[in-house]
Amino acid sequence: IVALSDTCSLSAAGFICPPLATFIQGRASWGNFLALIGAWMGAGYLMIGRRLRPKLSLMGYIYVVYGMAALTLLGLAILAGQPLFGYPAQTYLWFVLLALVPQLLGHSSYNYALAFVPAAFVAVVLLGEPVSSGILAFFLLHENITLLKGFGAILTLVGIYIVSKN
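Residues numbered from 1 in each chain as written. Predicted model: local features only at pLDDT ≥ 70, side-chain atom pairs only at ≥ 80, totals over all residues. Heavy atoms only, no water.

Enquirer: Describe the side chain of Asn111, naming the residues involved and giving the relevant values.
Expert: Within the fold, Asn111 resides in helix H4 (residues 89-113). The residues touching Asn111, leaving out its near neighbours within four places in the chain, are Tyr45, Arg53, Leu58, Tyr61, Ile62 and Tyr66. (Helix = DSSP H or I, 4+ residues; strand = E, 2+ residues; numbered from the N terminus. Contact = heavy atoms within 4.5 Å.)

Enquirer: Residues and numbers for the packing of aromatic side chains, please.
Expert: Summed over all chains, the structure comprises six aromatic pairs. Residues Tyr92 and Phe95 carry aromatic rings whose centres are separated by 5.9 Å and whose planes lie at 85 degrees to one another, so their mutual orientation is edge-to-face. In this pair, Tyr92 and Phe95 both sit in helix H4, three residues apart, roughly one turn of the helix. According to the relative accessible area criterion, Tyr92 is partly exposed, its value standing at 28%. By the ring-pair criterion, three or more aromatic residues cluster together here, those being Tyr87, Tyr92 and Phe95. (Phe/Tyr/Trp six-rings, centres within 6.5 Å; stacked < 30°, edge-to-face > 60°. Buried < 20%, exposed > 50% of the residue type's maximum accessible area, 1.4 Å probe, protein only.)

Enquirer: Report on the packing of helix H3 (residues 58-79) against H4, specifying residues and quantitative values.
Expert: One can describe the packing of H3 onto H4 by two numbers: an axis separation of 11 Å at closest approach and a directional angle of 115 degrees. With respect to the hand of their crossing, H3 and H4 are arranged in right-handed fashion. Between H3 and H4, the contacting residues are Leu58, Tyr61, Ile62 and Tyr66 on the first element and Gln103, Leu104, His107, Ser108, Asn111 and Tyr112 on the second. Per-class residue counts for the contact of H3 with H4 are six nonpolar, four polar and no charged. (Axes fitted to C-alpha atoms, helices over the stretch in contact; angles between N-to-C directions. Left-handed = near helix turned anticlockwise from the far one by under 90°. Nonpolar A, V, L, I, M, F, W, Y, C, P; charged D, E, K, R; others polar.)

Now the structure itself:
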């Protein structure tokens, strides 16, 4: 529902989507495809983490995982010819805040949980991340939440609630 909300709409006439050829060619479907690939990679990451976390301390685990991620991204940035320096000071402040808040607090919380709860439960809770980013985008960036996105967000939160009760 959330993925379709980028190209489809809900009106009094019903659920309206563009023809399939138009839908597949749009930028939204490329983003949705990349999100699907990301979901597969994330599932693999959680399954590996569920096996390793009970054997490793949180600090040891995140040191290796975040270190490898940083080295991979550094290599990709260099290969892509992206500049690493020369940004305004405010940009570096945002980099530091992104490293501290969502990464060290948020993702480390998920990695901590992998030692104690099934990876499937952590994966379901992770589905709340796009909902919270959408809410933040609404308040901080004044982005619109369409009826379909709002409905999809509510369904996601209800699903997280149901899974947490079982």
